[in-house]
Amino acid sequence: MSEFDFVEQPFTAQKPASSGLGSKLWGGLVAVLVVLGIGGLWWWADKPAKLTLEDVPSQSIDEKETLTIPLKVKAKGLKEGKWTFGMVAGPPGAKVDPKSGVFTWKPTEDQGPEDYDVTLGVKAIGDKPTHTKVSFKIAVREVNEPPVVPPVPPLTVGAGAVLRLVLAAKDADKPAQKLSYRLQQAPDGAKLDAATGKFTWSPPESSSATEITVEAIVADAEKDGAETPFTFKIKVEPLASPALRLAALLRAEGLTVEKLRGEAPAGFKGTAWEFDINDEVLIVLEYDTAAAAKEDAGQVSEDGQTLFGEKAKWTSKTRIYRQDRLIVLFDGTSDRVVKAVTGHLGEPFVVAEASKAEPIPERPVEPTLLDKLVDQLAKLHEKKDLLGKPDYPGVRKLFSELFEQQNEFLLTRFYEGDGAELKKWLDQHNDFKEELYTAFRPEDDIPAALTLLKTLLEKFPAKLDEYGQLAIATVVTWDRDRSTYDYVHHQRRTHSVLPDGMLGAVENFQYFVDAERVMQGRAQFLPWEFQIYLINHKTPRPEREWAAANYVAKRTMFGKCYADVPYDTEMLKTESKICKLDGKDYTLLNLKELGGVCAMQADFAARVGKSLGVPAEYVSGEANNGGLHAWVMWVEVKQVTRTGISFTLESHGRYFGDKYYVGKLRDPQTGKGITDRDLELRLQAVGLNPLSFRHAKLLMQVYPQLRDKLGWKPMQEIVFLNEIIEMCPGNEAAWQQVAKLARDGRVTTESYRLVTAMFDKLFRTFANFPDFTWQVFDDLVQYQKNDKQRNKFYERLVQMYEAGGRPDLACEARLRLSDYLLEEGRSKDVIAGLAFTIKKFPEEGRYVPKLLDKLERVCEGIKGADQQVLQFYQEFIPLIPPKRGNEPSEYCMKMLDRAVKKFTAAGQAQQAQVFANQLAKLKASGGT
């Protein structure tokens, strides 16, 4: 009902009721008036009053704005103020003042946009019931209100942790519109989902204590929508652990740092952290106080050869640092890592050289057990039943028994418990048992391995014998988590999501059994030493099946699939801040479709290969300019049967232009870092004859004890070692022992010819694996007392390296040869040799400066040599490639600068200016 109860009535005057006397008097008066001719007075008195409202035009108004309309009235027959206004019909909230006739209305958010009909009226007060009304329309316009953001309280996040926050802004409009969020100012890596308002950020682990202000905007999603800016603050708390903070600082410098399970070296009392840094291990000991760290550091001798009063056993050069509550040990070779660690911790307080010790058995044994084994081996040797091909089963049996004796308590406890069925099966399959026992290394977790083998037997009772080599590979790899290839750091680097369904040891075994038709005997007949590079990953089964379906027909030289992963240039340029894989599952299929940098390409290829039954590995390396790279290495199997294997070792993605000669990977059995060249040599030695490889390896484990037991003279030692090398040419331990004999001067006249023949064998055996020759050559060549003959061997070695395209080795060998030639006074030959090698590998930035330094030092004091050096510069500098890819070569610019200084010092300003102009032009093209 309207607030104005407006009832329609006829516009006729109502005569009041009267008495008879009054009527008569009134009638007489009227008669008189009529007679007097003033009949108009009667008309006025009887005519009705009249009210009129002016028309109101259509109106429009914004939501939440006030509309005011004063009604205008015209009245006849009524005095001013003798009427009242009201509303007949109108929207809720609208009002009209009954006295003034002013209409007001403030539409709410709910009332727009909409059109409304309004009817207002006016009526007389009193006994003159006249009235009228007016109607008009009001259009209410929608007003786009800015979103409302509730205040965000101050937030706190730890360095390396992930902060997640949903910014729940609301739209005041009705109906509410969709909102869109965006960042205005935020730290690197921060993300704000445009649709959901979900904010995520992980401050770098290297972050110090700081407060960050984030500026953002929320707006209506429609074009030109209203928007609301807002801010919130985030307090970043640094890592509490100094060990984790050090790892974060190294990671911030672009190093790949992954945390492993740590184990403190003997004597150190700090909590041990172990970090894999670019495939090398950094051990960090964290103490409760700096005083405790200082106390342990004081137990290290100045040369590092004594720890806590005991002789140290360093396997390689080790740098030991101390800072506050940390002691850090690094035995790697990467200059980049050394520089980074030193930059944060200062110079090491001890640099310990590798301990010089006789080879020892891989597993410590009780002297009585070892003596018994050596006695048995000595008897076999005396009967000439130790080194022949038929002798391997007997030798393996003795070493298997030694393993059982060494681990008697452990094995008894296991087999008398839940392992009874496994023991029964092993006793029935003696060959498998002996191969398994002799496959174990000191790093293996025997109980974990046997427990895993027990599970395989329970799940695959009919397949275990047939897949014996796969089973051994599985248990020696999966007994420790750190041994399996983990690609999580690639997933993190690409900001992607690790998919579900990662496979474990048993599922790996299951996959190869189920894929028997695709594998074509690979998982059955490849030696277990090869298969550890098949089963050492967790790739989900659907991805493996996808790889098999898409690549099995391309298995020959499959590694070229490295290039199937498109290169994400933006990821490289932004240092992984922007990645095409961001938020996507890190799967083989997504890698192929979306791409990544070389690390993802190598990871893709390696895991595709493993899925096809191709032993393959992800390999990383450091270029001559310090840049990191990754490629894939694999075993190209030509044929594999129960009796033999035909194969080659291949790699793809190694940029030879950047001199990635040597790469690093992780041994799947031990979890330790090795080089790809070590792997090539090892697999070549195994692949030629797996049984001979194992035979020779077992005997060399006890070589010192067997030598002492039989009282061999140097000639007898060399004969035995030569027989080991004949059995397995790639046995490194045998070559190292021969080199030691030569270094110690124990090669006698009677063994001279045999060692010379072995030298020829060294060149033949390691022609394709030259890295090992450099490890033993300088010691081995010491048997040659004739300096000229020794130098001829070195010249032959340099030529082998040069022919093999290994300037890194060729340059090192040339420098060593130069020292020997200088001892003979052959300066001219040194100059000629250095100049030849420099010109042959002018782009080798790691070694040419060393050769050039040597060349200039040798020329000092030689008449006319200075001019020859200047002439050499003019010939050599133009040979250096000025560009590395599309960028100016920093190495070339350094060499040009060196030439400028050289010619300026010699007073040859004109030629110096020529080189200076070349340098300026190169810098202008983008160099610094």
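Residues numbered from 1 in each chain as written. Predicted model: local features only at pLDDT ≥ 70, side-chain atom pairs only at ≥ 80, totals over all residues. Heavy atoms only, no water.

1. Quick look at the overall build of the chain
Piece 1. Counting its secondary structure elements, the chain contains 35 helices and 31 strands.
Piece 2. In terms of overall size, the chain is more extended than a compact globule, its C-alpha atoms giving a radius of gyration of 46 Å where 928 residues would be expected to give roughly 30 Å.
Piece 3. Counting only C-alpha atoms and orienting by the principal axes, one finds that the chain spans roughly 180 × 85 × 60 Å.
Piece 4. Counting the 928 residues in the chain, one finds 48% classified as buried.
Piece 5. In the chain, the 123 positive side-chain charges and the 131 negative ones have mean positions that sit 3 Å from each other. (Helix = DSSP H or I, 4+ residues; strand = E, 2+ residues; numbered from the N terminus. Rg over C-alpha atoms; globule rule 2.2 N^0.38 Å. Buried < 20%, exposed > 50% of the residue type's maximum accessible area, 1.4 Å probe, protein only. Lys, Arg positive; Asp, Glu negative; His and termini not counted. Charge placed at Lys NZ, Arg CZ, Asp CG, Glu CD.)

2. Some remarks on the sheet that holds strand E14 (residues 198–201)
One key point about sheets: their strands pair by backbone hydrogen bonds, in either a parallel or an antiparallel sense.
Piece 1. Read from one edge of the open sheet, three strands run E11-E14-E13, paired in antiparallel fashion. Here the strands that pair on one side only, and so sit at the sheet edges, are strand E11 (163–166) and strand E13 (191–192).
Piece 2. Across two bridges, E13 lies against E14 in antiparallel orientation. Residue pairing across strands places Leu192 opposite Phe199, the latter belonging to E14. (Pairing = 2+ DSSP bridges.)

3. Focus: empty space enclosed by the protein
Piece 1. As enumerated under the stated definition, the model contains four cavities of 30 Å³ or more in all.
Piece 2. The volume enclosed by the second largest cavity comes to roughly 120 Å³.
Piece 3. Along the wall of the second largest cavity there are 14 residues; nearest its centre are Thr438, Ala439, Trp528, Arg694 and Lys697.
Piece 4. Secondary-structure elements contributing two or more residues to the lining of the second largest cavity are helix H10 (430–439), helix H17 (528–531) and helix H23 (690–701).
Piece 5. Counting residues per element, the lining of the second largest cavity draws most heavily on H23, at five residues.
Piece 6. Residues that form the lining of the second largest cavity fall into these classes: six nonpolar, two polar and six charged. (1 Å grid on protein atoms, 1.4 Å probe; cavity = no way out; pocket = protein on both sides within 12 Å on 5 of 7 lines; lining within 4 Å. Points joined across faces, edges and corners; volume = space filled by probe spheres on them. Nonpolar A, V, L, I, M, F, W, Y, C, P; charged D, E, K, R; others polar.)

4. Re helix H3 (residues 242–252)
For an α-helix the count is 3.6 residues per turn, leaving residues at separations of three or four pointing the same way.
Piece 1. Looking only at H3, the buried set comprises Pro242, Ala243, Leu246, Ala247, Ala248 and Leu250.
Piece 2. One or two steps after H3, the chain reaches Gly254, where phi turns positive at roughly 95 degrees.

5. Considering the pairing of strand E9 (residues 131–141)
Piece 1. Direction of pairing for strand E2 (residues 59–62) relative to E9: parallel, over a ladder of four bridges. Looking at the pairing, Ser60 lines up with Ala139 of E9.
Piece 2. Inspection of the sheet shows strand E8 (residues 114–124) paired to E9 by 10 bridges, in the antiparallel sense. Looking at the pairing, Leu120 lines up with Val134 of E9.

6. As for the nonpolar core
Piece 1. With 191 residues, the main nonpolar core has Leu377 and Phe876 as its most contacted residues.
Piece 2. The residues contacting Phe876, other than those within four sequence positions of it, are Ile838, Pro842, Val848, Leu852, Tyr891 and Met895.
Piece 3. Counting residues in each nonpolar core, the second largest holds 24 residues, with Trp83, Val118, Leu120 and Ala124 among its members. (Core = buried A, V, L, I, M, F, W, Y, C linked by side-chain atoms within 4.5 Å. Contact = heavy atoms within 4.5 Å.)

7. Remarks on the sheet that holds strand E29 (residues 673–675)
Piece 1. The strand order across the open sheet formed by five strands is E27-E26-E25-E28-E29, and the pairing between neighbours is antiparallel. Edge positions in the sheet fall to strand E27 (645–652) and E29, since each has one partner strand and no second. This sheet shows a mean twist of 35 degrees between the axes of neighbouring strands, independent of strand direction.
Piece 2. Note that strand E25 (residues 616–622) and strand E28 (residues 663–666) share two bridges and pair antiparallel. Bridge assignment links Gly621 to a residue of E28, and that residue is Gly663. (Axes fitted to C-alpha atoms, helices over the stretch in contact; angles between N-to-C directions.)

8. Things to note about the pairing of strand E15 (residues 210–220)
Piece 1. In terms of strand pairing, strand E12 (residues 179–185) meets E15 through six bridges, oriented antiparallel. By the bridge assignment for E15, Tyr181 is matched with Val218.
Piece 2. As paired elements, E15 and strand E16 (residues 227–237) share 10 bridges and run antiparallel to each other. For Glu211, the partnering residue across the bridge sits in E16 and is Lys235.

9. Details of the state of the cysteines
Piece 1. Inspection of every chain in the model, using the stated rule, returns zero disulfides.
Piece 2. Between Cys811, a cysteine without a disulfide, and Cys859, which holds the nearest cysteine sulfur, the sulfur-to-sulfur distance is 17 Å.
Piece 3. According to the relative accessible area criterion, Cys811 is buried, its value standing at 0%. (Disulfide = S-S within 2.5 Å.)

10. A word on the environment of Pro447
Piece 1. Within the secondary structure, Pro447 sits in helix H11 (residues 446–459).
Piece 2. Overall, Pro447 belongs to the partly exposed group, its relative accessible area being 33%.
Piece 3. Sequence separation between Pro447 and Leu411 is 36 residues; the distance between their C-alpha atoms is 8.1 Å.

11. As for the pattern of salt bridges
Piece 1. On inspection of all chains with the given rule, the structure shows 53 salt bridges.
Piece 2. The salt bridge partner of Asp819 is Lys854, with a shortest N-O separation of 2.4 Å. Of this pair, Asp819 sits in helix H30 (residues 807–823) while Lys854 sits in helix H32 (residues 848–859), placing them 35 residues apart in sequence.
Piece 3. Overlapping salt bridges, with partners in common, bring together Arg396, Asp431, Glu434, Glu435, Glu529 and Arg694 in one network. (Salt bridge = Lys/Arg side-chain N within 4 Å of Asp/Glu carboxyl O.)

12. Here's the deal with unusual backbone geometry
Piece 1. Here the phi dihedral of Lys384 falls at roughly 60 degrees; this positive angle occurs in a residue that is not glycine.
Piece 2. With respect to the helices and strands, the residue Lys384 is situated in the loop between helix H6 (367–382) and helix H7 (392–406).
Piece 3. Residue classification places Lys384 among the exposed positions, given a relative accessible area of 74%.
Piece 4. Here His495, not a glycine, exhibits a phi torsion of approximately 60 degrees, which is positive.
Piece 5. For His495, the location among the structural elements is in the loop between helix H13 (488–493) and helix H14 (505–514).
Piece 6. By relative accessible area, His495 is classed as partly exposed at 31%.

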